[in-house]
Amino acid sequence: MIFLGILGSGSGSNMQAIMDAIASEQLNARIAIVLSDNPDAYILERAAQNGIPTRIIDCGDYRTRFPEEAQRETARQLKEAGVELVCLAGFMRLVKAPLLEAFPSRILNIHPSLLPAYPGMMAWEQAVTDGATESGCTVHLVDEGMDTGPILAQARVPVLPDDTAATLHQRIQVEEHRLYPETIANHAATLEPQLPPEGGR
Ligand code: GRF
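A brief report on the enclosed structure follows. (Residues numbered from 1 in each chain as written. Predicted model: local features only at pLDDT ≥ 70, side-chain atom pairs only at ≥ 80, totals over all residues. Heavy atoms only, no water.)

Moving on, we come to the layout of surface pockets. Approximately 910 Å³ is the volume attributed to the largest pocket. Around the largest pocket, the lining comprises 40 residues; the ones closest to its centre are Gly-90, Phe-91, Met-92, Arg-93 and Met-121. Of all the secondary-structure elements, those providing two or more residues to the lining of the largest pocket are helix H1 (13–23), strand E5 (107–111), helix H5 (123–130) and helix H6 (165–188). Here the lining of the largest pocket is composed, by residue class, of 15 nonpolar, 17 polar and eight charged. (1 Å grid on protein atoms, 1.4 Å probe; cavity = no way out; pocket = protein on both sides within 12 Å on 5 of 7 lines; lining within 4 Å. Points joined across faces, edges and corners; volume = space filled by probe spheres on them. Helix = DSSP H or I, 4+ residues; strand = E, 2+ residues; numbered from the N terminus. Nonpolar A, V, L, I, M, F, W, Y, C, P; charged D, E, K, R; others polar.)

Next up on the list: the site of the ligand. Around the ligand, the surrounding shell consists of Ser-11, Gly-12, Ser-13, Asn-14, Gly-90, Ile-110, His-111, Pro-112, His-169, Gln-173 and Glu-176. Within the backbone of Gly-12, an N or O atom sits 2.8 Å from an oxygen atom of the ligand. Ile-110 is positioned with one of its backbone polar atoms (N or O) 3.0 Å from a nitrogen atom of the ligand. For the ligand, the accessible surface in isolation is 370 Å², of which the surrounding protein chains cover 87%. One can see that the ligand is located within the largest pocket. Looking at the shell around the ligand, its residues break down into two nonpolar, eight polar and one charged. (Near = heavy atom within 4 Å. Polar contact = N/O pair within 3.5 Å; in protein donor to acceptor, adjacent residues only side chain to side chain. Areas by Shrake-Rupley, 256 points an atom, 1.4 Å probe, with all protein chains shown as cover. Sits in = over half its atoms within 2 Å of the grid points.)

For side chains of opposite charge, pairing can occur when their charged atoms come near one another. Counting across every chain of the model gives ten salt bridges. A salt bridge links Arg-72 to Glu-69, with the nearest nitrogen and oxygen atoms 3.1 Å apart. Of this pair, Arg-72 and Glu-69 both sit in helix H3 (residues 68–80), separated by three residues, roughly a single helical turn. A residue is classified by how much of its surface remains accessible, and Glu-69, at 52% relative accessible area, is exposed. (Salt bridge = Lys/Arg side-chain N within 4 Å of Asp/Glu carboxyl O. Buried < 20%, exposed > 50% of the residue type's maximum accessible area, 1.4 Å probe, protein only.)

Structure representation (structure tokens):
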């Protein structure tokens, strides 16, 4: 059993897929805490409805930056909750040293393209605008760059001639919801167990 911490800024459909995989025993894990930089994010409501503790990450007036102090506090909260593996699920800020150093090789992200193609925002829209014939999703380890860390797994989907950004994103998300829990399980199996936090679990 591995303790997961989830960071998300939006709807949390990937977190839902992770919860479903845990419920159906495809993933031997527990979501220990969910953190969001967006107090209105639906991911927080989903977590609360499922009895999962939530916290808001205070990024002050910064709209896109993830201030160092906020990263330190996030790392502290994750550690306090006993988190062993951090999963970014639609988290819209770049993670840097304070958090990366606290969880080396233990932060994963899901990105809606076949990286290294189309890193960054709205990757599905980039694919449609570009006339790509194939897209998909990637689960990767997070490093200092934007969607640049080592790739763990990918799934492909076709881009159809009449696709809009929205229909392509929908098709990609179906694959995300399958690929992310599966890759979390595979990656978790490669990690050394960590000592429980002070005071046990
Ligand atoms: C997903 O498409 C994911 O690939 C990207 O952000 C979106 C999050 O969706 N990083 P959700 O919040 O999990 O529904």
